[in-house]
Amino acid sequence: MRLIVTGLNHRTAPVEVRERLAFEDAGLPEALGSLKRRPGMLEGMILSTCNRVEITVAADEQAGAGDAVGHFIAESRSVEHAWISPYLYRHDGPDAIRHLFRVAASLDSMIVGEPQILGQMKSAYARAKECGAVSGFLDLVLTRAFNVAKRVRSETDLGQSAVSVSYAAVELAREIFGSLAGKRVLLAGAGKMAESAARHLRRAGVSEILVTNRTRSRADSLAEEFHGTVVDYDRFSAAVPDVDILIASSAAPHYILTRDQMRDVIGRRRNRPMFLIDIGVPRNIEPAVNQLDNVFLYDIDDLDRVVQGNLKGRITVAVEAEDIIREEVERMIARLKSRDAAPVIVSLQEQLAALAANEIERNRAKLGQLTPQQEEAIQMIARGIVNKVAHGPITELRKQAGDASGAHMVNLIRKLFRLGEG
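The model shown is predicted, which means the values in this text are computed figures rather than measured ones.

About the criteria used
- Residues numbered from 1 in each chain as written.
- Predicted model: local features only at pLDDT ≥ 70, side-chain atom pairs only at ≥ 80, totals over all residues.
- Heavy atoms only, no water.
- Phe/Tyr/Trp six-rings, centres within 6.5 Å; stacked < 30°, edge-to-face > 60°.
- Helix = DSSP H or I, 4+ residues; strand = E, 2+ residues; numbered from the N terminus.
- Pairing = 2+ DSSP bridges.
- Contact = heavy atoms within 4.5 Å.
- Axes fitted to C-alpha atoms, helices over the stretch in contact; angles between N-to-C directions.
- Buried < 20%, exposed > 50% of the residue type's maximum accessible area, 1.4 Å probe, protein only.
- Expected span 1.5 Å × (residues − 1).
- Salt bridge = Lys/Arg side-chain N within 4 Å of Asp/Glu carboxyl O.

Draft legend 1. Geometry of the packing of aromatic side chains. Scanning all chains against the criterion turns up four aromatic pairs. With 6.4 Å between their ring centres and 10 degrees between their planes, F23 and F72 make a pair best called stacked. Of the two residues, F23 sits in the loop between helix 1 (15–21) and helix 2 (28–36) while F72 sits in helix 3 (residues 68–76), which places them 49 residues apart along the sequence. Each ring, one from F275 and one from Y298, has its centre 5.7 Å from the other, and the planes form 45 degrees; the classification is tilted. With F275 in strand 9 (residues 274–278) and Y298 in strand 10 (residues 295–299), this residue pair connects regions lying 23 residues apart in the sequence.

Draft legend 2. Looking closely at the sheet that holds strand 10. Sheet architecture is open: six strands sit in the order 7-6-5-8-9-10, paired in parallel fashion. Each edge of the open sheet carries a strand with a single partner, namely strand 7 (229–230) and strand 10. Along the sheet face, helix 12 (residues 259–268) touches strand 9 and strand 10 and points at about 150 degrees away from the line of strand 9.

Draft legend 3. Here's a closer look at helix 5 (residues 94–104). Most of helix 5 sits inside the fold, with eight of its 11 residues counted as buried. Buried within helix 5 we find A96, I97, H99, L100, F101, R102, V103 and A104. Phi for S106, located one or two positions after helix 5, is positive at around 70 degrees.

Draft legend 4. Spatial organisation of helix 8 (residues 165–177). Across its 13 residues, helix 8 extends 19 Å between first and last C-alpha, which sits within 8% of the 18 Å expected from 1.5 Å per residue. Those residues of helix 8 that fall on the buried side of the exposure criterion are V165, S166, A168, A169, V170, L172, A173 and F177. Note on helix 8: the residue one or two positions beyond its end, G178, has a positive phi of about 80 degrees.

Draft legend 5. Local environment of the side chain of R151. In this structure, R151 sits in helix 7 (residues 136–155). For R151, a relative accessible area of 17% corresponds to the buried category. Residues in contact with R151, not counting those within four places in the same chain, are I324, E327 and E328.

Draft legend 6. Structural context of the pattern of salt bridges. Counted by the stated rule, this structure contains 35 salt bridges. The residue E54 makes a salt bridge to R52 at a minimum N-O spacing of 2.8 Å. Relative accessible area serves as the criterion here: at 2%, E54 is assigned to the buried category. Classification of R52 by relative accessible area gives buried; the value is 3%. Across the pair E195 and R199 runs a salt bridge whose closest N-O atoms are separated by 3.4 Å. On the criterion of helical spacing, the pair formed by E195 and R199 is a turn pair, its members being four residues apart in helix 9 (residues 192–204). Look at E195 and you get partly exposed, because its relative accessible area is 23%. What makes R199 partly exposed here is its relative accessible area of 29%. Members of the salt-bridge network, linked through shared partners, are R11, R52, E54, R98, R102, D108 and E322.

Draft legend 7. Spatial organisation of the environment of R38. In this fold, R38 is placed in the loop between helix 2 and strand 2 (41–48). If near-sequence neighbours (up to four positions away) are discounted, R38 is found in contact with A68, H71, F72 and E75.

Draft legend 8. Representation of the sheet that holds strand 3 (residues 52–59). The four strands are arranged 2-3-1-4 in an open sheet whose pairing can be described as antiparallel. Unpaired on one side and paired on the other, strand 2 and strand 4 (89–92) mark the two borders of the sheet. On average, adjacent strands in this sheet sit at an angle of 15 degrees to one another, irrespective of strand direction. Strand direction decides the pairing type here: strand 1 (residues 2–9) and strand 4, joined by four bridges, are antiparallel. If you follow T6 over to strand 4, its bridge partner there is R90.

Draft legend 9. Structural detail: unusual backbone geometry. For the peptide bond that leads from V281 to P282, omega is 5 degrees, which places it in the cis range. By the element assignment, P282 lies in the loop between strand 9 and strand 10. Despite not being glycine, N271 has its phi angle at roughly 65 degrees, a positive value. If you trace the backbone, N271 turns up in the loop between helix 12 and strand 9. Even without glycine at this site, N294 takes up a positive phi of about 65 degrees. Relative to the assigned elements, N294 resides in the loop between strand 9 and strand 10. Classification of N294 by relative accessible area gives partly exposed; the value is 32%.

In structure tokens:
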């Protein structure tokens, strides 16, 4: 079985590419089913966030699945494979294990150490498992990835040194306004991003937080937690001129604010500046809005500048985390190789036992009538010989299963004892 991760992220593709290739949660069951129906695809998981679209598969070793996932992404997103190909990366075998461990531990995130990616990865895993797309092999690797992430957080200060996307957004707002004291904020969306932003905004001293969301109950809950005010979703555009900062993280599949609407907003604000941060993928605000005077629009890729400014303090911690990843990858590879050796050990024991039983039966006529005690003694002698013959090969198999020579030893034992041959 072959492990492959194919995808793109904030480093390899701009947001306008990522939003075209993103998978909606409601469409995941159909996409996973389509993925598994492809030749050689045994298991699969689709991880789609604002910063990455990645597909992890366990494929038949002989299936030639290398480029198959890239073609699947292109076809399922209705784009040409040649168009997305420059943005894609692929990790295979041990590199794929390392990549999954780094993603889960937030070492591959735009914001190194942010906790959100682990939750997103667990949700993708749960959805794939519900659909029957994840079973033994991927289950083993992904479960270990989650444990590795937990170990990184408990043994290093990576989580404490993280700078969240919402924090970066608030820092950008500070750059625009100098101080956020007395500013009014509208959060369009009431998910985890909005909750985190509200927390940082309150600490920064904003005077009022307005919340709007397609699902009213979620808006009510967020507004109550941060002493804010709920705006009816269908009155969203009417509320925009009255706020200084808009943070959009809605799951809407279309723009919730266009250039023409924003031109009207600025006119009603008498050209007072307004800060917009769009952390939705697909984007919530039409990019052309940035062409208007006194409007400062930033999308999720723009946050990278703030992130880089906070990177220096996290380098030492990240090195410690990478050491843990390296150790865990080696342990995982050894475990997987041990799984490969197990069927060979069972086959060897069964074959030797069958040979001993056949020899006893072949010579039974020469033995004459045996008493129960004599029968038991012959069976014990046969088992003893089988165990002594098998002991050396099995010991070596178990010893070398986790080493580079493990696969060679497995194949050697198969050949020597003609395992799997008729």
